[in-house]
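Structure at a glance
Chain by chain, the residues:
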Amino acid sequence: MDGNGRWAKARGLSRTLGHKEGVKRVVEMLREAKKLGIKIVTVFAFSSENWSRSGKEVNKIFSYMRIFLDLYKQELLKQGVRLNMIGRRDRIDEGSMKKLQEIEVATANNEALLFNVALDYGGRWDIVQAAKKIAKDYKTKKISTDGINEAVFSNYLSLRDLPDPDLMIRTSGEERVSNFLIWNLAYSELYFCPKHWPDFDKKELAKAIDVYSKRKRRFGKV
Ligand code: FPP
């Protein structure tokens, strides 16, 4: 969801107002995704690297996230959306974690749409934490060297046994994966949109899906 800051700056607003507008797009995008029959949406809301931003901006980002959770809890429940946070849970402030966990529990049985929120997430972190868990299971003999393969390894990652993303959309003209789901995106189609996230509306989503539907996915085959 790139470009909140630049969107705001271009309008003479503070960066944090860009995040406020960005949150609104998340809500609209979830409604639209459900209408289109999309079953899983994962947003990169806060990366491991985003801690290097000013304390004021970091606080605002988490405060908008808490507002989002308060305002849309009922809608998530009504729409059958299940919220699942992926990322490090030990550095996020207690209030935000409490709200996230409460909604994870409240929406745990919802099945219409799975909404993964990547917070304090980094693809390399994910691979390292998986390796550590495997090392622990090896020590307690829950797993053997021969028992480790790609499918088993995947199950130790944050998205566990979920299917790999079909499509990754990155906004604001940046054309990088930037430490997002680096394992899971191995065969995903990448779509880069020049618009900033607050300008990414349902028309833009339809465009991205149209481009995706014309791609030939070969998964390494001929
Ligand atoms: C990218 O724009 C956006 C972020 C780093 C934070 C966005 C996350 C939130 C507002 C929290 C909302 C979370 C949920 C689950 C609704 P940028 O700041 O990198 O913009 P720039 O590239 O223009 O500087």
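See the structure printed just above.
A brief report on the enclosed structure follows. What you are looking at is a predicted structure, and each value in this text was computed from that prediction instead of being measured. (Residues numbered from 1 in each chain as written. Predicted model: local features only at pLDDT ≥ 70, side-chain atom pairs only at ≥ 80, totals over all residues. Heavy atoms only, no water.)

1. A look at the side chain of Arg170
Our working rule: Under the DSSP-based scheme used, a helix requires at least four consecutive residues in state H or I and a strand at least two consecutive residues in state E, with every element numbered from the N terminus. Pairs of N or O atoms are called polar contacts if they sit within 3.5 Å, as long as, within protein, a hydrogen donor faces a hydrogen acceptor (for residues adjacent in sequence, only side-chain-to-side-chain pairs). Here, two residues are considered to be in contact whenever any of their heavy atoms come within 4.5 Å of each other.
With respect to the helices and strands, Arg170 occurs in strand E4 (residues 167-170). In this structure the side chain of Arg170 is engaged in a polar contact, spanning 2.4 Å, whose partner is the side chain of Asp2. Separated by 2.9 Å, the side chain of Arg170 and the backbone oxygen of Arg176 make a polar contact. When neighbours within four sequence positions are excluded, Arg170 is seen to be in contact with Asp2, Arg176, Val177, Ser178, Tyr191, Phe192 and Cys193.

2. So, the pattern of salt bridges
Definition in use: In what follows, salt bridge is the name for a side-chain nitrogen of Lys or Arg lying within 4 Å of a carboxyl oxygen of Asp or Glu.
For the structure on display, the rule yields 24 salt bridges. Note that Glu32 is salt-bridged to Lys35, the shortest N-O span being 3.7 Å. Linking Glu32 with Lys35, this pair stays in helix H2 (residues 15-35), spanning three residues, or about one helical turn. The residue Arg215 makes a salt bridge to Glu189 at a minimum N-O spacing of 2.9 Å. Highlighted residues: Arg215 in the segment after helix H7 (202-214) and Glu189 in strand E5 (residues 189-192), separated in sequence by 26 residues.

3. With respect to the sheet that holds strand E3 (residues 113-121)
Applicable threshold: When DSSP locates at least two bridges between a pair of strands, those strands are taken to pair. Only the stretch in contact is used when a helix axis is fitted, and all axes are lines through C-alpha atoms; the angle between N-to-C directions ranges over 0 to 180 degrees.
Taking strand neighbours across the sheet as the criterion, the three strands line up as E1-E3-E2 in an open arrangement whose pairing is parallel. What marks the edges here is a single partner per strand, and that holds for strand E1 (40-47) and strand E2 (81-86). Between one strand and the next, the sheet's axes are offset by a mean angle of 20 degrees, whatever the strand orientation. Looking at chain direction, E1 and E3 are connected through seven bridges and run parallel. Its bridge partner lying in E3, Phe46 is registered against Leu119. Taken strand by strand, helix H4 (residues 94-106) contacts E2 and E3, and its axis lies near 140 degrees from that of E2.

4. A look at the environment of Trp125
The cut-off we apply is this: Only protein chains enter the accessibility calculation, which uses a 1.4 Å probe; a residue whose area is less than 20% of its type maximum is buried, one above 50% is exposed, and one in between is partly exposed.
Among the secondary structure elements, Trp125 is positioned in helix H5 (residues 123-139). Exposure remark for Trp125: the relative accessible area of 25% places this residue in the partly exposed category. Remark: the alpha-carbon pair of Trp125 and Thr16, spanning 109 residues in sequence, is separated by 27 Å. Ignoring any residue separated from it by four or fewer positions in sequence, one finds Trp125 in contact with Gly87, Arg88 and Ser158.

5. Considering the site of the ligand
We count it as follows: Near is defined per residue: the residue qualifies when any heavy atom it owns lies within 4 Å of the molecule or strand. Each accessible area is a Shrake-Rupley result for a 1.4 Å probe, and residues are judged covered by the shown protein chains and nothing else. Nonpolar residues are Ala, Val, Leu, Ile, Met, Phe, Trp, Tyr, Cys and Pro. Charged residues are Asp, Glu, Lys and Arg, and all others, Gly as well, are polar.
Taken together, the neighbourhood of the ligand is formed by 18 residues, with Met1, Gly5, Arg6, Arg15 and Arg53 sitting nearest. Separating an oxygen atom of the ligand from a backbone N or O atom of Gly5 is a distance of 3.0 Å. In the environment of the ligand, an oxygen atom lies 2.9 Å from a nitrogen or oxygen atom belonging to the side chain of Arg15. Relative to its unbound accessible area of 620 Å², the ligand is 93% covered by the protein chains. Elements with a contribution of two residues or more to the shell around the ligand: helix H1 (4-10), H2 and helix H3 (55-79). Within the shell around the ligand, the residues separate by chemical class into eight nonpolar, five polar and five charged.

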